[in-house]
Amino acid sequence: MLECGMLNRDRQALRRCSATLCKQLVVDELLVQSLQADNILTEAMAESIMTEQTSQKRSWRLLLLLPKRGPRAFSSFCSALRDTEQQHLCDLLTQPPEKDGKDTHLERCGDSSLPHPTQEEIAVKRARTHESMEFSLDADSPINTPVHPCTHDFYLSHCQQSYRMKSSPRGFALVISNVTFDPCTEPDLDPRKGGEVDDEVLRKVFTELDYVVTVHRDLTAQGMRACIENFCRWPDHRTVDSCVVCLLSHGVEGAVYGTDGQLLQLEWVFEAFDNAHCPLLQNKPKMFFIQACRGEMLDCGVEQIDGPVRTCSPSCEQLDAGREGPADAESRQRVDMGRPRIKLPQRSDMICGFASLKGTAAMRNTKKGSWFIQDLNTTLRQQAKDTHLADILVQVNRRIKEREGHAPGTPHHRCKEMSEFTSSLCKDLYLFPKYQPQY
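Residues numbered from 1 in each chain as written. Predicted model: local features only at pLDDT ≥ 70, side-chain atom pairs only at ≥ 80, totals over all residues. Heavy atoms only, no water.

J.: Pulling in residues and values, what's your account of the overall build of the chain?
T.: Counting its regular elements, the chain contains 14 helices and 12 strands. Taken across its 439 residues, the chain has 53% of its residues classed as buried. Taken as a whole, the chain presents about 20700 Å² of accessible surface, with 52% of it coming from carbon and sulfur. (Helix = DSSP H or I, 4+ residues; strand = E, 2+ residues; numbered from the N terminus. Buried < 20%, exposed > 50% of the residue type's maximum accessible area, 1.4 Å probe, protein only. Areas by Shrake-Rupley, 256 points an atom, 1.4 Å probe, with all protein chains shown as cover.)

This is how it looks when you write it as structure tokens:
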């Protein structure tokens, strides 16, 4: 056996159960990310697995790669199975082989039944039809590799046609994360288990991207409003090149919940940052990320027909926009009768990513955080070095599209989610991470 190969007993276990694994194993981005995080799969290997069109083909390709990935590959694979609620396959691989014939083995490997998740694993404790529902699933894990730095050559070749992004810090980031809700005022709003992971993930990634991050947790609707109003008025916005606002809570279409069960309208949030109400951020990109349900409908997905993939998802009609012009708050008060001022739209230079489509629920892992925030985190870390934000959100859409819930025995098994974004950006928005131009 080669020193870099898998132990022979582990190799035999994979071979013994290969038929069952190909039929029952759910190889999606969740499992592949776990193996990547453990340095079992490279990024190229993960890409080659996920490009396969069927789950069975993805399983087969993974099983061909694993024996070549070193002595840790088997234990890492078993750990990934446990993390993605496939304990029955882990048990199958680790139990001693039968010595008295093949019949028992074939019967066991052919058993297609799946275990029901425990209450700890699935946080949906009761059927509810309330529009604020955010479904909770356990199956994935956040990727926290360091943010890849932008190169000097890339900055020089792209800085002229993109938004200015030179300031250090790049801007200020506000994260409002509602995890625990008042059961007396709104008993239907369950605690958002895993929500605390999301705000920490966002704090870390935007700190690495050179933003000054402020996190507020568990605010009432009025508290959220006051926090945003205060943030908009910060005089230091004058000296930076952008800003970020992240809202994480239960929600309905067009609004998110405070901990008191009252709604904060997203239209008001966007208005607070428009060119009239936030002049210090005029002509500067403003990024919004909304992790909340936009309705109660669970996306159960559809079977893909033969032929080219065709995606048709509705775009968000929710207004989101930006600012006015380079003049600051004081100079805007002066009237130059000789030279009329350039006018700006009421809103511009905004981009907003939503975790789900209109009318649909968002998915959240009760231990690892929401699907949308995890994929936003991963893509920013890996791609912000040379990809503008609109394309980053397209890649987040692709990742979300490939995800599939794993909750056997519940209506949420094999459920889907689809994120989307709206934009009034007028240039490419590159964050140029870890690059500080010389003035």
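Resuming the write-up.
J.: Tell me about the sheet that holds strand β9 (residues 350–354), and please be specific about residues and values.
T.: Taken in spatial order, the six strands of this open sheet run β3-β2-β4-β8-β9-β12, and their pairing is mixed. Every interior strand has two partners, whereas the edge strands, β3 (211–217) and β12 (420–423), have only one. The average angle at which neighbouring strand axes cross in this sheet is 10 degrees, direction not considered. As defined by bridge partners, strand β2 (residues 171–177) adjoins strand β4 (residues 242–248) across seven bridges and the pair is classed as parallel. Looking across to β4, one finds that V175 is bridged to C246. On the sheet, helix α10 (residues 195–208) packs against β2, β3, β4 and β8 (286–291) and is oriented at approximately 165 degrees with respect to β3. Along the sheet, helix α11 (residues 221–232) makes contact with β2, β3 and β4, crossing β2 at roughly 180 degrees. (Pairing = 2+ DSSP bridges. Axes fitted to C-alpha atoms, helices over the stretch in contact; angles between N-to-C directions. Contact = heavy atoms within 4.5 Å.)

J.: Explain the pairing of β8 to me, and be specific about the residues and the numbers.
T.: Most of β8 sits out of view: six of its six residues are buried. Here β8 shows no split at all, with K286, F288 and I290 on one side and M287, F289 and Q291 on the other all buried. Sheet analysis places β4 next to β8, joined by six bridges and oriented parallel. Note on β8: the bridge partner recorded for L247 is I290. The pairing of β8 with β9 spans five bridges and is classified as parallel. Counted as the bridge partner of I290 is F354 from β9.

J.: Let's hear about the pattern of salt bridges: which residues, and what values?
T.: Per the stated rule, a full pass over the model turns up 15 salt bridges. Its salt-bridge partner being R164, residue D241 comes within 3.1 Å of it at the nearest N-O pair. Note that D241 is positioned in the loop between α11 and β4 and R164 in the loop between α9 (152–158) and β2, a separation of 77 residues in sequence. Taking relative accessible area as the criterion, D241 reaches 6% and is therefore assigned buried. (Salt bridge = Lys/Arg side-chain N within 4 Å of Asp/Glu carboxyl O.)

J.: Outline the side chain of T84, supporting the account with residue identities and numerical values.
T.: Among the secondary structure elements, T84 is positioned in the loop between α6 (73–83) and α7 (87–94). The exposure class of T84 is buried, given its relative accessible area of 5%. A polar atom in the side chain of T84 sits 2.8 Å from the backbone oxygen of A80. (Polar contact = N/O pair within 3.5 Å; in protein donor to acceptor, adjacent residues only side chain to side chain.)

J.: Could you give me a rundown of the confidence of the model for the chain, with the residues and numbers involved?
T.: Scored by pLDDT, the chain has a mean of 80; 78% of the residues are at 70 or more. This stretch, residues 137–141, has a pLDDT under 50; its non-local contacts, to residues over four places away or in other chains, come to 33 contacts. Ignoring residues within four places in sequence, the model shows residues 307–337, a span with pLDDT below 50, making 84 contacts including any to other chains. (pLDDT = per-residue confidence, 0-100.)

J.: An account of the side chain of H388 is needed here, citing residue identities and associated values.
T.: By secondary structure assignment, the location of H388 is in the loop between α13 (371–383) and α14 (389–402). In this structure H388 comes out as buried when scored by relative accessible area, which is 14%.

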